[in-house]
2 protein chains.
Amino acid sequence: MNDRSDNTDPMARTSGSHSEITGPRLREAAQRLFARHGYASVTMRQIAAEVGVQVGALYNYIPDKQGLLADLMRAHLEELLAAWAAEPRGEGPLGALEAFTRFHIRFHLERPDAVFIAYMELRNLAPENFAGIEALRKRYETELEDILRAGQAAGVFDLPDTKLATLAVIAMLTGVTTWYRDAGRLSRERVAGLYWDMVRKAVAA
Amino acid sequence: MNDRSDNTDPMARTSGSHSEITGPRLREAAQRLFARHGYASVTMRQIAAEVGVQVGALYNYIPDKQGLLADLMRAHLEELLAAWAAEPRGEGPLGALEAFTRFHIRFHLERPDAVFIAYMELRNLAPENFAGIEALRKRYETELEDILRAGQAAGVFDLPDTKLATLAVIAMLTGVTTWYRDAGRLSRERVAGLYWDMVRKAVAA
DNA sequence: GTGTTATCTGAACGATCGTTCATTTCAATC
DNA sequence: GATTGAAATGAACGATCGTTCAGATAACAC
């Protein structure tokens, strides 16, 4: 009657099961659910249901719930830093700032769930996980701060407090994930352009 | 041996107990804990311990945990709208924008916990509570949007998309709560001034 | 086909959750 | 000082949590 994956009374390994499939699906399901409802509100059984598996099977892939969260956040931040490192910079501080702005908007709009988690779930990290992940976040901030300081030194920016300006710009840009929808009236390109307009003027000398 | 409030074996109403005291303390404790650890992670027993009472006593003051969250958020947003309504506006769109910016920074720095909750815990609201509270949040956004649109119409601002600009400015300003500490090197006045510098330039024609 | 390994089920564990309630004591009134 | 209502305790409820594990079955190597 059944051929694959929909046995009506499975008692053990199910047909078609594979770690190369279940592993990624677990991470995707967790990311989506954590972003939607928050880490603390999501149960392991919800994740398992989304994956299409019983809850015990999840522990073939993760040490525990906390480890799952930490892995998702670390992976996201490392991907963010690697992507920015590979991004072509423009000319001078102004070009670098434009590159950063457009990169930040684009990258974040492509991964709204991961961004949301990395930002909202810091307080749910165990101390031993928090330290390393917070350091990664800090490193990304420093990338922007370096650009702003260089521009300030070169006289193309007017920023009495580069640290504050860094945080202000990042907050402004990251906020895009809270409202942007692909079905909306603005394309991602256009949104990036509009944010760049505001950033450019805000820091201008 | 004991005089007040530290009976070693209390079995019922404790000495010094009063609803005018316990009620506010409950709300303060919940606000602090929700902001620090997140609504879903905080237990009623933690709140009770902070108040100095057993968990059952909390239900003399609240219908349930969800109602407590909704009340905190609604009260905060209503206070926000009332305070802005009572705030003196400056002259013209530019004056109004400066008034809004300085008000927003000041108000939010005075209540970091309430702000954090109103922003982070929207997804933990039951649908029946969400609608009304989201409407209040929206009304506050509209206050800024009206200012920006007026300035755009008057030609003092250059904003191709006022809706996007509204969200960008609010995100930038609200972000101040994530890093500002009173013990830091910048006064609240100075911070408000620095943010105003950036906002002013960002929207300028 | 046989044997080995990878993968999942089903059931259970103790802990903890939000909430309720009968009971007890304190505060207030007269 | 007796009476009444306000306020809190302590214990309990069923539900649900994260996690573990023995056993069962599919995938794969030979």
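These numbers come from a predicted model, not from an experiment.

Asker: Please explain the nonpolar core as it appears in this structure.
Answerer: When a protein is soluble and globular, its nonpolar side chains tend to lie buried together. Of all hydrophobic cores here, the largest spans 122 residues; its most connected members are Phe34(A), Ile47(A), Phe34(B) and Ile47(B). Not counting residues within four places of it along the chain, the set of residues in contact with Ile47(B) comprises Leu26(B), Ala29(B), Ala30(B), Leu33(B), Phe34(B), Val42(B), Leu58(B) and Leu68(B).

Asker: What is the right way to read the packing of aromatic side chains from this model?
Answerer: Within a pair of aromatic rings, the relevant descriptors are the distance that separates the centres and the angle that separates the planes. One pass over the full model with this rule turns up 12 aromatic pairs over all chains. Seen from their ring centres, Trp84(A) and Phe103(A) are 5.3 Å apart, and the 45 degrees between their planes marks the pair as tilted. With a gap of 19 residues between them, Trp84(A) in helix α3 (residues 65-85) and Phe103(A) in helix α4 (residues 92-110) connect regions that are remote in the sequence. Each member of the pair, Trp84(A) as well as Phe103(A), carries the same accessibility label: buried. Geometrically, the ring pair formed by Trp179(A) and Tyr180(A) is edge-to-face, given 5.9 Å between the ring centres and 70 degrees between the ring planes. Judged by relative accessible area, Tyr180(A) falls into the buried class, the value being 9%. A network of ring pairs unites the aromatic residues Trp84(A), Phe100(A), Phe103(A), Phe107(A) and Tyr140(A) as a single cluster. A cation sits over an aromatic face here: Lys65(B) above Tyr39(B), 4.5 Å from the ring centre.

Asker: I keep staring at the relation of the copies chain B and chain A and nothing clicks. Help me out?
Answerer: Related by rotation about an axis and a shift along that axis, the two copies of the chain form a pair. The two copies are related by a screw motion: chain B maps onto chain A through a turn of 180 degrees and a shift of 0.0 Å along the axis, at an RMSD of 0.0 Å. On this basis, the relationship between the two copies can be described by a two-fold rotation axis. Here 100% of the contact residues of chain B are again contact residues in chain A; the copies associate through an equivalent surface.

Asker: So what exactly am I meant to see when it comes to the packing of helix α1 (residues 19-37) of chain B against helix α5 (residues 112-120) of chain B here?
Answerer: Pairs of packed helices are described in terms of their axes, by the angle between the two and the distance that separates them. All names here are of chain B. Packing of α1 against α5 brings their axes to within 9 Å, and their N-to-C directions diverge by 60 degrees. Relative to α5, α1 is oriented oblique. For the element pair α1 and α5, the recorded crossing hand is left-handed. Contacts between α1 and α5 involve Gln31, Arg32, Phe34 and Ala35 from the first element and Asp113, Ala114, Phe116 and Ile117 from the second. Considered class by class, the residues forming the contact of α1 with α5 number five nonpolar, one polar and two charged.

Asker: Help me understand the UniProt feature "domain: HTH tetR-type" (unreviewed entry) in chain A, please; the structure alone is not making it clear to me.
Answerer: As annotated in UniProt, the feature "domain: HTH tetR-type" (unreviewed entry) corresponds to residues 20-80 of chain A in the numbering used here. Between the end C-alpha atoms of residues 20-80 of chain A there is a gap of 24 Å, over a span that is 69% helix and 0% strand.

Asker: Any chance you could explain the side chain of Glu145(B) here in plain terms?
Answerer: Residues and elements named next belong to chain B. Position of glutamate 145 among the secondary structure elements: in helix α6 (residues 127-154). Residue glutamate 145 is classed as buried on the basis of its relative accessible area, which comes to 9%. Beyond its immediate stretch of four places on either side in the chain, glutamate 145 contacts Thr162, Lys163 and Thr166.

Asker: For this particular structure, what's the right way to read the environment of Glu50(A)?
Answerer: Residue and element names in this part refer to chain A. Tracing the backbone through its elements, the reader meets glutamate 50 in helix α2 (residues 44-51). Classification of glutamate 50 by relative accessible area gives partly exposed; the value is 39%. Aside from chain neighbours lying at most four places away, what touches glutamate 50 is Arg25, Ala29, Arg32 and Leu33. A polar side-chain atom of glutamate 50 sits 3.3 Å from a polar atom in the side chain of arginine 32.

Asker: Is there a simple way to think about the domain arrangement of chain A in this case?
Answerer: Often the size quoted for an interface is simply the accessible area lost on bringing the parts together. Residues and elements named next belong to chain A. Examined at the domain level, chain A breaks down into domain 1 (19-62) and domain 2 (66-203). Across the boundary between the two partners, domain 1 contributes 11 residues, which contact 12 residues of domain 2. A per-residue breakdown of the area domain 1 buries against domain 2 is headed by Arg27, Gln31 and Tyr39, which together make up 54% of the total. Joining domain 1 to domain 2, the criterion identifies zero salt bridges. The interface formed by domain 1 and domain 2 contains two residue pairs in polar contact (both at pLDDT 80 or more). No other element matches the seven residues that helix α1 (residues 19-37) contributes to the side of domain 1 that touches domain 2. When the residues that make up the side of domain 1 that touches domain 2 are grouped by side-chain class, the tally is seven nonpolar, two polar and two charged.

Asker: Sorry if this is basic, but what is going on with the UniProt feature "DNA-binding region" (unreviewed entry) in chain A here?
Answerer: Following the UniProt record, the feature "DNA-binding region" (unreviewed entry) maps to residues 43-62 of chain A here. Counted over residues 43-62 of chain A, helix gives 40% and strand 0%. Its end C-alpha atoms are 14 Å apart.

Asker: Even after reading the chapter, I still don't get the side chain of Thr101(B), so can you show me in this structure?
Answerer: Residue and element names in this part refer to chain B. Along the chain, threonine 101 falls in helix α4 (residues 92-110). A polar contact of 2.9 Å, which involves the side chain of threonine 101, links it to the backbone oxygen of leucine 97. Contacts of threonine 101, omitting those with residues within four sequence positions, involve Leu173, Tyr195, Trp196 and Val199.

Asker: Please explain helix α7 (residues 162-174) of chain B as it appears in this structure.
Answerer: The α-helix winds at 3.6 residues per turn, so residues separated by three or four positions along the chain end up facing the same way. Under the 1.5 Å per step criterion, the end-to-end length of α7(B) is 18 Å for 13 residues, consistent within 8% with the ideal 18 Å. The element α7(B) is extensively covered by neighbouring structure, given that 11 of its 13 residues are classed as buried. Considered for burial, the residues of α7(B) that qualify are Thr162(B), Leu164(B), Ala165(B), Thr166(B), Leu167(B), Ala168(B), Val169(B), Ile170(B), Met172(B), Leu173(B) and Thr174(B). Looking at the buried positions of α7(B), the neighbouring elements they touch are α7 (162-174) and α8 (188-203) of chain A together with α4, α5, α6 and α8 (188-203) of chain B. Backbone nitrogen of Lys163(B) and a side-chain oxygen of the N-cap are separated by 3.2 Å at the start of α7(B); the cap is Asp161(B).

Cut-offs used in this document
- Residues numbered from 1 in each chain as written.
- Chains lettered and ligands numbered in written order.
- Predicted model: local features only at pLDDT ≥ 70, side-chain atom pairs only at ≥ 80, totals over all residues.
- Heavy atoms only, no water.
- Core = buried A, V, L, I, M, F, W, Y, C linked by side-chain atoms within 4.5 Å.
- Buried < 20%, exposed > 50% of the residue type's maximum accessible area, 1.4 Å probe, protein only.
- Contact = heavy atoms within 4.5 Å.
- Phe/Tyr/Trp six-rings, centres within 6.5 Å; stacked < 30°, edge-to-face > 60°.
- Helix = DSSP H or I, 4+ residues; strand = E, 2+ residues; numbered from the N terminus.
- Lys NZ or Arg CZ within 6 Å of the ring centre and 35° of its normal.
- Least-squares fit on C-alpha atoms with pLDDT ≥ 70 in both.
- Axes fitted to C-alpha atoms, helices over the stretch in contact; angles between N-to-C directions.
- Parallel < 35°, antiparallel > 145°, perpendicular 65-115°, else oblique.
- Left-handed = near helix turned anticlockwise from the far one by under 90°.
- Nonpolar A, V, L, I, M, F, W, Y, C, P; charged D, E, K, R; others polar.
- UniProt positions renumbered as here; feature names shortened; annotations may be inferred.
- Polar contact = N/O pair within 3.5 Å; in protein donor to acceptor, adjacent residues only side chain to side chain.
- Domains from an automatic or database assignment.
- Buried area = accessible area lost by both parts, 1.4 Å probe.
- Salt bridge = Lys/Arg side-chain N within 4 Å of Asp/Glu carboxyl O.
- Expected span 1.5 Å × (residues − 1).

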